[in-house]
Number of protein chains: 2
Amino acid sequence: MKWWGWGDPHHRAELPSAAVDALRDELGVRPEDASEPVELAQVSMPDARPVPAAVEEAAGEVLGSLEDRVRRAAGRSYPDLVRLRSGKLDSAPDAVLRPADAGRVAATIAACAEEGVAVVPYGGGTSVVGGLDAVTGEHESVVSLDLSLLRKVDLDPVSLTARLGPGLTGPQAEEALGALGVTLGHFPQSFEEATIGGFAATRSAGQASSGYGRFDDLVTAIELTAPEGRMRTLDIPHTAAGPALREVVLGSEGTLGVITDVSCRVRPAPELRIYEGWMAADFAHGREIIRDLAQRHEMPDVLRLSDEEETRVSLELAGTEGLAKRALETYLSLRRRRGGCLVICGWEGERDSVRRRRSLGQAHLQRGGAVPLGSRAGRSWERGRYQGPYLRDELMDLGVMVETLETAHTWSRLDELYRAVGSALRGALGERSIVMCHLSHAYADGASLYFTFFTRARPGEQLDQWRAAKTAACEAIVATRGTITHHHAVGRDHAPYMPAEVGEIGIEALTAVKERLDPAGIMNPGKLLPL
Amino acid sequence: MKWWGWGDPHHRAELPSAAVDALRDELGVRPEDASEPVELAQVSMPDARPVPAAVEEAAGEVLGSLEDRVRRAAGRSYPDLVRLRSGKLDSAPDAVLRPADAGRVAATIAACAEEGVAVVPYGGGTSVVGGLDAVTGEHESVVSLDLSLLRKVDLDPVSLTARLGPGLTGPQAEEALGALGVTLGHFPQSFEEATIGGFAATRSAGQASSGYGRFDDLVTAIELTAPEGRMRTLDIPHTAAGPALREVVLGSEGTLGVITDVSCRVRPAPELRIYEGWMAADFAHGREIIRDLAQRHEMPDVLRLSDEEETRVSLELAGTEGLAKRALETYLSLRRRRGGCLVICGWEGERDSVRRRRSLGQAHLQRGGAVPLGSRAGRSWERGRYQGPYLRDELMDLGVMVETLETAHTWSRLDELYRAVGSALRGALGERSIVMCHLSHAYADGASLYFTFFTRARPGEQLDQWRAAKTAACEAIVATRGTITHHHAVGRDHAPYMPAEVGEIGIEALTAVKERLDPAGIMNPGKLLPL
């Protein structure tokens, strides 16, 4: 991954220049707003404090170069990227520890607890909520615990479950499982870089979550290596033996310990994958189609609905290479419809199952008044499904602020949430901004909303601009009683909203577990719960 | 409910006398083994200790008659029934409190915490794991907190969720929801008596769990009134905001506080319900058919597979009124198959959906070599679906010990678990016993096994006999790394096995939450966690 941005350094998102010009014009971005990341050698950060020898010995491998530290100093939120690109890091881990196995992990955190060293577990480094911030808390120093060497893959082909090491990235896991004829089916936008441990620790949701389930749905058993000891839930399909400890470890974001082993349901690799586009009359009509599909339990495996603004911007950015805008416009106007909202549907699996379920889904879409755009729109989405973060790097080069955030609510309050967050963001960002949204991860009782916003990044003021927008959106979410996060997790950015999310007694319950499993308070300080 | 047994006092399970004779003969049950429950007035139990006036005032309504106390002194496990029928109760609540609403519940448990009174929450009284035992713990007295007045029903017809009071019984909830055109679809064998709060507190699973989901799947939000305060999770379809507190309250069995409000997903009341019988060649073939259906995600809504022994006994007990045994035997022998394992399948929902899914399921059953028995077998199952506990009362009258227990494992270890538990039970019960099993609640990665066993109850030794069998089965489950309970919960009977289930650190985590939310330790002492 680029140390200052997203993904493969040799890959760039390609944008039609006309689209870029239109976007800059719309946002009032000036040529002088353009910027480039500093050179790695120019990055300034606090000097590394010494890490106790006992900790280094326990870990086995210690990385201490500037690059090692910079790479683990931040996640990939907009403010993370602003800090990285500017070369001004307020904090960084004092050292990076890379234990070879779960035994080394246990020894390392035991030594850290003994010596008073804070520990930030590190998977793929893709947190967008400040989950990787090198917070020392009450301790003397802080280390990044890199789990990339824990990459076991062990398939149970009869039960269709696989034990996976937390350090496997999405592609590593899929490659190993693919060779055994199965797939996890977990494809979030962060797929290329994020890891199994991170998926579990943050309750990640993939683009095909309607079909395969969110990551927390896939997990059947989990092992937590906490300062107080190791806990592993049984490898069983379900139990009524008390509160679900698996569900306590899921979403714990490194604050209780390190996730050292994850058992997941897998599925036979699909014979067939079909993605296609549809155009709904408007966001409300599209939403009702999805609600109908979800409540009939006939959801496609992939389903997302862009609002009018996201549809417009997607078509512009895709240019003639993508959705063939001109052809599309002609087609839609022939059908006496303009604008509308883009729906992407996908079905994966055995040929018969895909055919059957697709035909059901298409009938519902048609009944809901949506117009088919065919497979070209689907292929375009598929090509671009992991491109968002690459595109962000390009836009940041130009001087555009790009950020995303997500929430969820029941169907009966989803429109209220949509309006409240959109209005809060537009209010904070000002007139020359774009606030767009898609609905994805639909359930029988509700759905998530995923907002993306663009505005001109005012040089030197980007962090303040971001903070204002983020705060406005979070306050709108809390006021509407939506969730502060559907799948990005809490980290440091959402921690102040946790009391609103779970209430005072909820905070007490979470704190009680934390204090019992991590009495020294070394595990990922300042994340999940407010310090 | 009968104070000494199950259900409507005017209803009796009818058994063909030939079947009863055959069963008694097989088990060696003698005419002098027959017994009847004592009269209510003859029941002896410890005298009621005084309950502090502040507690009674907080609750509002206090019930203190012999019958009130006897009715809340035990659940409906075999040892509970032995004690009730013999009229010898070791323990009973000192008083029964019946608060009118959630505010009264909060005030009552606050007063109990202040005064040092243990609280046993009481829903339908159907625990089969000692969940209602009036354990005083370290306190002076113990009260039963009857939640039957909390019966709110509030439907969100757009989101298809309903807020339900914990005191609603299954039929009360279904009647109210049915009038609004929806159903929970939660039909455990205890349906007639058990309550919404109990379903949530014990992670109940219904007979149609493959279609509608287990009860814990249905719950979208939950409110816990704990001694330290009230906690309510948000009404949202999903969140990534940390460990799932909803999943901490689910399965908490009254040990953290009282569940005072439950939001559940509901579904449109089905247009059509079809149940039918099939005969699989043997248990292993039947199991593979179900695994195939579960892993293709094409499960019927109801699916259970009896092993050879359960099939034989079911056909015997059903007699000519039920499955038309003679016709069935002729039919099967025509197809050159004898014995075999009974499969019950059911589909519910819209007509089209039922037709489509049934045709898929039937194709899989046929491919797996199962033989259709038609809808008569399905209707027979439907008629008898809530009869098990009535039947138990009849058999106990005759002097037969009848008990059930359940567990679950992954598909790859299910056969090992099946053999281990069956062999442990047969070993403990001796030769003249019947140990039979069905597989139900199937998942992509595994399934539950539900054992029923009969033997001659030796007068005066029933509790020892039961203890030996239960212990042998639990030890076999633990040795095989299955779960100690798939849907009956932990209560007092399984509490000793919780360390094996969740490990030492798991116990620590559960204890930490318990101590924080219930620092005086008044909530349902001795349940879930060993005292």
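Cut-offs used in this document
Residues numbered from 1 in each chain as written. Chains lettered and ligands numbered in written order. Predicted model: local features only at pLDDT ≥ 70, side-chain atom pairs only at ≥ 80, totals over all residues. Heavy atoms only, no water. Helix = DSSP H or I, 4+ residues; strand = E, 2+ residues; numbered from the N terminus. Rg over C-alpha atoms; globule rule 2.2 N^0.38 Å. Buried < 20%, exposed > 50% of the residue type's maximum accessible area, 1.4 Å probe, protein only. Contact = heavy atoms within 4.5 Å. Buried area = accessible area lost by both parts, 1.4 Å probe. Salt bridge = Lys/Arg side-chain N within 4 Å of Asp/Glu carboxyl O. Polar contact = N/O pair within 3.5 Å; in protein donor to acceptor, adjacent residues only side chain to side chain. Pairing = 2+ DSSP bridges. Axes fitted to C-alpha atoms, helices over the stretch in contact; angles between N-to-C directions. Least-squares fit on C-alpha atoms with pLDDT ≥ 70 in both. Core = buried A, V, L, I, M, F, W, Y, C linked by side-chain atoms within 4.5 Å. Parallel < 35°, antiparallel > 145°, perpendicular 65-115°, else oblique. Left-handed = near helix turned anticlockwise from the far one by under 90°. Nonpolar A, V, L, I, M, F, W, Y, C, P; charged D, E, K, R; others polar. 1 Å grid on protein atoms, 1.4 Å probe; cavity = no way out; pocket = protein on both sides within 12 Å on 5 of 7 lines; lining within 4 Å. Points joined across faces, edges and corners; volume = space filled by probe spheres on them.

## As for the overall build of chain A
- What chain A contains, in helices and strands, is 19 helices and 18 strands.
- Rg of the C-alpha trace for chain A: 23 Å, near the compact-globule value of 24 Å for 531 residues, within the 12% margin.
- Projected onto the principal axes, the alpha-carbon positions of chain A cover approximately 75 × 60 × 45 Å.
- The proportion of buried residues among the 531 residues of chain A is 63%.

## Looking at the interface of chain B and chain A
- Listed per partner, the contact involves 79 residues of chain B and 79 residues of chain A.
- When the buried area of chain B at its contact with chain A is split by residue, His 238, Ile 505 and Arg 516 of chain B rank highest and sum to 12% of it.
- Among the salt bridges present, the one from Glu 298 of chain B reaches Arg 356 of chain A, with a minimum N-O distance of 2.9 Å.
- For the interface between chain B and chain A, the tally reads 40 residue pairs in polar contact (both at pLDDT 80 or more).
- Of all the elements in the fold, those that place two or more residues in the side of chain B that touches chain A are strand 9 (229–232), helix 10 (246–249), helix 11 (283–295), helix 14 (351–367), strand 16 (400–410), helix 17 (411–429), strand 18 (446–456) and helix 19 (498–517) of chain B.

## Considering the sheet that holds strand 9 of chain B
Residue and element names in this part refer to chain B.
- The strand order 5-6-10-8-9 describes an open sheet built from 5 strands, whose pairing is antiparallel. Single-partner strands in this sheet number two, and they are strand 5 (153–156) and strand 9. With strand direction ignored, the average angle separating the axes of adjacent strands in the sheet is 10°.
- As judged from the 4 bridges shared by strand 6 (residues 161–164) and strand 10 (residues 258–265), these two strands associate in the antiparallel manner. By the bridge assignment for strand 10, Leu 164 is matched with Val 262.
- Contacting strand 8 (219–226), strand 9 and strand 10, helix 5 (residues 102–115) crosses the sheet at an angle of about 40° to strand 8.

## Structural notes on the relation of the copies chain B and chain A
- Turning chain B through 180° and shifting it by 0.0 Å along the axis lays it on chain A, with an RMSD of 0.0 Å. These values place the two chain copies in the arrangement generated by a two-fold rotation axis. Closest approach to the rotation axis within chain B is made by the C-alpha atom of Ala 512 of chain B, at a distance of 2.7 Å.
- Most of the interface of chain B is mirrored in chain A, where 100% of its interface residues again form contacts.

## With respect to the pairing of strand 12 (residues 272–280) of chain A
Residues and elements named next belong to chain A.
- Among the 9 residues in strand 12, 8 count as buried, and that is most of the element.
- Direction of pairing for strand 12 relative to strand 14 (residues 341–349): antiparallel, over a ladder of 9 bridges. Pairing of Ile 274 across the sheet is with Trp 347, part of strand 14.
- Alignment of strand 12 against strand 15 (residues 371–374), held across 3 bridges, turns out to be antiparallel. Within the sheet, the bridge partner assigned to Trp 278 lies in strand 15 and is Pro 372.

## Re the sheet that holds strand 3 (residues 117–122) of chain B
- Read across the open sheet, the 4 strands follow the order 1-2-4-3 (chain B); overall the sheet is mixed. In the strand order of this sheet, the two ends are held by strand 1 (62–63) and strand 3 of chain B, each with one partner.

## Quick look at the side chain of Thr 225 of chain B
Residues and elements named next belong to chain B.
- Position of Thr 225 among the secondary structure elements: in strand 8.
- Owing to a relative accessible area of 1%, Thr 225 belongs among the buried residues under this scheme.
- Here Arg 230 takes part through its side chain, which lies 3.4 Å from a polar atom of the side chain of Thr 225.
- Among the polar contacts made by the side chain of Thr 225, one reaches the side chain of Thr 260 at a distance of 2.8 Å.
- Once residues lying within four places of it in the same chain are set aside, the contact partners of Thr 225 are Val 105, Ala 106, Ile 109, Arg 230, Gly 257, Val 258 and Thr 260.

## As for the nonpolar core
- Leu 184, Phe 215 and Leu 425 of chain A together with Leu 184, Phe 215 and Leu 425 of chain B are the most contacted members of the largest nonpolar core, which totals 207 residues.
- Every residue in contact with Phe 215 of chain B, bar those within four places of it in the chain, is listed here: Leu 184, His 186, Ile 196, Phe 199, Ala 200, Ser 204, Val 262 and Cys 264 of chain B.

## What to know about the packing of helix 17 (residues 411–429) of chain A against helix 18 (residues 462–480) of chain A
All names here are of chain A.
- Here helix 17 crosses helix 18 at 155°, and the two axes come no closer than 8 Å. One element, helix 17, and the other, helix 18, form an angle in the roughly antiparallel class. Remark: the crossing between helix 17 and helix 18 carries right-handed chirality. Between helix 17, through Arg 413, Glu 416, Leu 417, Ala 420, Val 421, Ala 424, Leu 425, Ala 428 and Leu 429, and helix 18, the contact on the second element is made entirely by Ala 468, Ala 469, Ala 472, Ala 473, Ala 476, Ile 477 and Thr 480.
- Classifying every residue of the contact of helix 17 with helix 18 gives 13 nonpolar, 1 polar and 2 charged.

## Section: the packing of helix 4 (residues 78–86) of chain B against helix 16 (residues 388–398) of chain B
Residues and elements named next belong to chain B.
- Across the interface, helix 4 lies against helix 16 with an axial gap of 12 Å and an inter-helix angle of 55°. As summarised for this structure, helix 4 and helix 16 are arranged oblique, according to the angle between their axes. The two elements helix 4 and helix 16 meet at a crossing, and its hand is right-handed. Contacts from Tyr 78, Leu 81, Val 82 and Arg 85 in helix 4 reach Arg 392, Asp 393, Met 396 and Asp 397 in helix 16.
- Grouping the constituent residues of the contact of helix 4 with helix 16 by class yields 4 nonpolar, no polar and 4 charged.

## A look at the pattern of salt bridges
- Throughout the structure, instances matching the rule amount to 86 salt bridges over all chains.
- Here the salt bridges do not stand alone but share partners, grouping Arg 203, Arg 214, Asp 216, Asp 217, Arg 246 and Glu 247 of chain A into one network.

## Quick word on empty space enclosed by the protein
- Enumeration over the complete set of coordinates arrives at 8 cavities of 30 Å³ or more.
- By volume, the largest cavity amounts to about 150 Å³.
- Contributing to the lining of the largest cavity are 13 residues, with Thr 233, Thr 239, Leu 245 and Arg 246 of chain A together with Val 502 of chain B lying nearest its centre.
- Partitioning the lining of the largest cavity into residue classes produces 7 nonpolar, 4 polar and 2 charged.
- Of the pockets and cavities examined, the second largest cavity occupies roughly 90 Å³.
- Lining the second largest cavity are 13 residues; nearest its centre among them are Pro 243 of chain A together with Val 248, Ala 509, Leu 510 and Val 513 of chain B.
- Looking at the lining of the second largest cavity, the element that brings in the most residues is helix 19 of chain B, giving 4 residues.
- Of the residues that constitute the lining of the second largest cavity, the class distribution is 11 nonpolar, 1 polar and 1 charged.

In short, the description is geometric, and any link to function would need to be established separately.
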